[in-house]
Amino acid sequence: MRWTKVAAAGITSATIWAVTAQMAVQTPAPAPPHPRPVIFLDPAHGGADGGAKVGDSVLEKAVTLELASRIRPLLSARGFDVRMTREGDPTPTPTTDQRAGLENQAHPAACIILHSAPTGTGVHLYTSALPEATTAATPPATSIVPWDEAQSAYIASSLRLSSEISTAFSRSQIAISSGRTWMPPLDNLLCPAVAIEIAPLNADGSKPPTDAGYQQRVAEAIAGAVLFWHGKADPTTGAAQ
Amino acid sequence: MISRYQRILFWILVGGSVFMAGYLIYLHQRVRSTAGTEGDDTPIAAPASSQAESITFALAHDADGTITNTELSVALPGESAVRARALVERLLSDDALPRSEHPLPGGIAVEDVYLVNLPLTAPQRTGGESLGVPQLPTKAEDADPMTHASGQLAVVNLRGSWADAHPSGIETETLTVLSIIGTLHANLPSISYVRFLVDGQQRATLAGHIDLARTYRSVDTANATHP
């Protein structure tokens, strides 16, 4: 044993170096930190694509970006690695296909697409209307997944995520209507995904989507629901445990 | 000292002013009471020779994001394609009324509706027939569900001006598409698929959200969550 040799021969710098080197080899390397689950936020529209006119002079692209900026720190504080498809108002803005590509490459735990509308009330929560794929949550590497049907393998986990978010909005006393739709990039995502459209809180329009307090309530409901959902979901597939 | 004729003139002018003010108020109230009907952008219906019949319309409600089937008595032409066009036009023009629960732009919305018999068959390729080789579909043709489907494909060609004015939003756009599909399904059961064009061209989205380039199954969309 190297320590015995050290005791017998006395401490020399060469021996100390050898012992140190040996210890370095024998000591197991510290385990890499558990990667934080990635949540992708997609503030829809941007650049020349302003989206709907939500207020007198406010465009949908500004509301979605503001809402994403409120959700991001709340999710980060809950231990998620939050990424966004756009941070500001870049020109040219990534297309829906480019956004889906960005999100798919990151293999996120969940994708949340943010929209805003001047019509309807409360929050409209949508999942893809694609039929659920009969295969496992992760398609085999050899199979070809049609771009427009990529989400079909994740329908079940997307519906569970939608259900958690819907419950969170109900708890927050925000009117919620859920449905399914066909829209890019929702149908192109390889992760549990929902599209959330924030409309005026009240029918009389007294709390428009631009209202800071309303946006904060929505952001807190989403962040809480994602944390609760992730606690129940298999982090690798998004399927419920 | 004010002369007599000046006093008479003064009171005549005062009376005239009061009368005109009263008449102005009356006109204002009359305009307000008829404002609801004057906002009606419904195209004037052509005289119909057919009998009115009970037709099911899949009506959208923005307030709760639902579709409900509602029966209305409407006179429609008998020929299928013309009937389909009249159905969609009537549905969308009702949504343009001020009382609508799913407000849409007024004016003519539908350019045409074409009904195509399924399955679709590819045009004969030249070269093969001379050798007497049977014409098999290519891999791409074989993968297209339209080459195996039965029934009819309805191609709804919307007007660009109407689509451009359509409100933007996931819910409102989804409800419009579901409403059209549900109405066609309820009244023309031979239609199995629906496609949308805008000014004769394929368009990526209706107003920035819902995918308009897909081929949709014709199904009952009332309160549907799985169209």
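Residues numbered from 1 in each chain as written. Chains lettered and ligands numbered in written order. Predicted model: local features only at pLDDT ≥ 70, side-chain atom pairs only at ≥ 80, totals over all residues. Heavy atoms only, no water.

Focus: the overall build of chain A
The condition that has to hold: The helix and strand labels rest on DSSP assignments: H or I over at least four residues marks a helix, E over at least two residues marks a strand, and numbering proceeds from the N terminus. Type-normalised accessible area, obtained with a 1.4 Å probe on protein chains alone, sets the label of each residue: buried when under 20%, exposed when over 50%, and partly exposed for intermediate values. In this analysis, two residues are considered to be in contact whenever any of their non-hydrogen atoms come within 4.5 Å of each other. Each accessible area value is a Shrake-Rupley result obtained with a 1.4 Å probe; residue values ignore everything except the protein chains displayed when judging cover.
Helix and strand counts for chain A come out as six helices and six strands. In chain A, the succession of α and β elements from N to C terminus is α-α-β-α-β-α-β-β-α-β-β-α. Across the 241 residues in chain A, those meeting the buried criterion constitute 46%. Residue pairs at least 24 apart in sequence account for 75% of intrachain contacts in chain A once pairs closer than 6 positions are excluded. Of the roughly 11400 Å² of accessible surface on chain A, a fraction of 59% belongs to carbon and sulfur atoms.

Regarding the overall build of chain B
Looking only at helices and strands, chain B has five helices and six strands in total. Helices and strands in chain B line up, N terminus first, as α-β-β-α-β-α-β-α-α-β-β. Counting over 227 residues, chain B shows a buried share of 37%. Restricting the contact set of chain B to residue pairs at least 6 apart, pairs at least 24 apart contribute 68%. Of the roughly 12800 Å² of accessible surface on chain B, a fraction of 59% belongs to carbon and sulfur atoms.

Looking at the sheet that holds strand 3 (residues 110-117) of chain B
Residue and element names in this part refer to chain B. Threshold: Strands were regarded as paired on the criterion that DSSP finds at least two bridges between them. Note on definitions: angles span 0 to 180 degrees between N-to-C directions of axes, and those axes are lines fitted to C-alpha atoms, for helices only across the stretch in contact.
In space, the four strands of this open sheet follow the order 3-4-5-6, with mixed pairing throughout. Two strands in the sheet have a free side with no partner beyond their single neighbour: strand 3 and strand 6 (215-217). In this sheet, neighbouring strand axes are inclined to one another by 25 degrees on average, regardless of whether the strands run parallel or antiparallel. Across the sheet, helix 2 (residues 80-94) is in contact with strand 3 and strand 4 (152-158); its angle to strand 3 comes to roughly 140 degrees.

Observations concerning the interface of chain A and chain B
We count it as follows: A 1.4 Å probe defines the accessible area here, and the buried area is the portion of it lost by two parts on being joined, summed over both. Any carboxyl oxygen of Asp or Glu within 4 Å of a side-chain nitrogen of Lys or Arg constitutes a salt bridge here.
Each side of the interface is counted separately: chain A has 24 residues, and chain B has 20 residues. Roughly 1800 Å² of surface becomes buried between chain A and chain B when both sides are summed, with 58% attributable to carbon and sulfur atoms. Interface area lost by chain A to chain B is led by Tyr126(A), Arg180(A) and Trp182(A), which between them contribute 37%. For the pair chain A and chain B, the number of links is one salt bridge. Across the salt bridge formed by Arg214(B) and Asp187(A), the nearest N and O atoms sit 3.0 Å from each other.

Things to note about the pairing of strand 2 (residues 66-75) of chain B
Residues and elements named next belong to chain B. Looking at chain direction, strand 1 (residues 52-61) and strand 2 are connected through 10 bridges and run antiparallel. When the sheet's bridge partners are listed, Ala 58 is paired in strand 2 with Asn 69. What sits between the antiparallel neighbours strand 1 and strand 2 is a turn of four residues, in which Gly 65 has the positive phi angle 65 degrees.

Some words on a nonpolar patch on the surface
Note the threshold: The patches described consist of residues with a relative accessible area above 30% and no salt bridge, like charges being joined within 9 Å and nonpolar side chains (Val, Leu, Ile, Met, Phe, Trp, Tyr) within 5 Å.
A grouping of Phe10(B), Trp11(B), Val14(B) and Val18(B) is seen on the molecular surface, where their side chains present a nonpolar patch of about 430 Å² in accessible area. Secondary-structure assignment places Val18(B) in helix 1 (residues 4-38).

Quick look at helix 5 (residues 170-187) of chain B
Given 3.6 residues per helical turn, the α-helix brings residues three or four places apart onto the same face. The cut-off we apply is this: A helix is expected to span 1.5 Å multiplied by its residue count minus one.
With 18 residues, helix 5 of chain B should cover 26 Å at 1.5 Å per step; its first-to-last C-alpha distance of 26 Å lies within 8% of that length. Most of helix 5 of chain B sits inside the fold, with 16 of its 18 residues counted as buried.

Describing the packing of helix 5 (residues 155-171) of chain A against helix 6 (residues 212-232) of chain A
Residues and elements named next belong to chain A. Our working rule: If an angle is under 35 degrees, it is roughly parallel; if it is over 145, roughly antiparallel; if it lies from 65 to 115, roughly perpendicular; otherwise it is oblique. Crossings are sorted by hand: turned counterclockwise from the far helix by less than a right angle, the near helix makes the crossing left-handed, and turned clockwise it makes it right-handed.
Between helix 5 and helix 6, the shortest axis-to-axis distance is 8 Å and the interhelical angle comes to 135 degrees. As the angle between them shows, helix 5 and helix 6 are arranged oblique. For helix 5 against helix 6, the interelement crossing comes out right-handed. Between helix 5, through Ser 157, Arg 160, Leu 161, Glu 164, Ile 165, Ala 168 and Phe 169, and helix 6, the contact on the second element is made entirely by Val 218, Ala 221, Ile 222, Ala 225, Val 226, Phe 228, Trp 229 and Lys 232.

Points about the pattern of salt bridges
Per the stated rule, a full pass over the model turns up 12 salt bridges over all chains. A salt bridge links Arg83(B) to Glu53(B); the shortest N-O distance between them is 3.0 Å. Here the residue Arg83(B) occupies a position in helix 2, and Glu53(B) occupies one in strand 1, the gap between them amounting to 30 residues. Residue classification places Glu53(B) among the partly exposed positions, given a relative accessible area of 27%. Here Arg90(B) and Asp94(B) are joined by a salt bridge, their closest N and O atoms 3.1 Å apart. Of this pair, Arg90(B) and Asp94(B) are both found in helix 2, four residues apart, which corresponds to roughly one turn of the helix. For Asp94(B), a relative accessible area of 16% gives the class buried. Among the charged side chains, a salt-bridge network with shared partners connects Asp187(A), Asp211(B) and Arg214(B).

Brief notes about the packing of helix 2 of chain B against helix 5 of chain B
Residues and elements named next belong to chain B. Rules: Gly is put with the polar residues, along with every residue not named as nonpolar or charged; the nonpolar set is Ala, Val, Leu, Ile, Met, Phe, Trp, Tyr, Cys and Pro, and the charged set is Asp, Glu, Lys and Arg.
One way to put it is that helix 2 packs onto helix 5 with a least axis distance of 10 Å and a crossing angle of 140 degrees. If you check the angle between helix 2 and helix 5, you find them oblique. Here helix 2 runs over helix 5; the crossing is right-handed. Every residue of helix 5 that contacts helix 2 at Ala 84, Leu 87, Val 88, Leu 91 and Leu 92 is listed here: Thr 176, Ser 179, Ile 180, Thr 183, Leu 184 and Asn 187. Split into classes, the residues belonging to the contact of helix 2 with helix 5 amount to seven nonpolar, four polar and no charged.

Let's talk about the state of the cysteines
All names here are of chain A. Keep this limit in mind: Defined by distance alone, a disulfide is two cysteine sulfur atoms within 2.5 Å.
Under the counting rule described, the total for this entry stands at one disulfide over all chains. Each sulfur in the disulfide pair Cys 111 and Cys 191 lies 2.2 Å from the other. Sign of the S-S torsion, about -125 degrees for the bond between Cys 111 and Cys 191, identifies this disulfide as left-handed. Residue Cys 111 is found in strand 3 (residues 110-116), and its partner Cys 191 is found in the loop between strand 5 (176-181) and strand 6 (193-198); the two are separated by 80 residues along the sequence. Judged by relative accessible area, Cys 111 falls into the buried class, the value being 0%. A relative accessible area of 0% places Cys 191 in the buried class.

Thoughts on the pairing of strand 5 (residues 191-198) of chain B
All names here are of chain B. The buried fraction of strand 5 amounts to seven of the eight residues, a majority that puts the element mostly inside the structure. Of the strand pairs in this sheet, strand 4 and strand 5 are connected by seven bridges, and their pairing is parallel. In the strand pairing of strand 5, Ala 154 is matched with Val 194.

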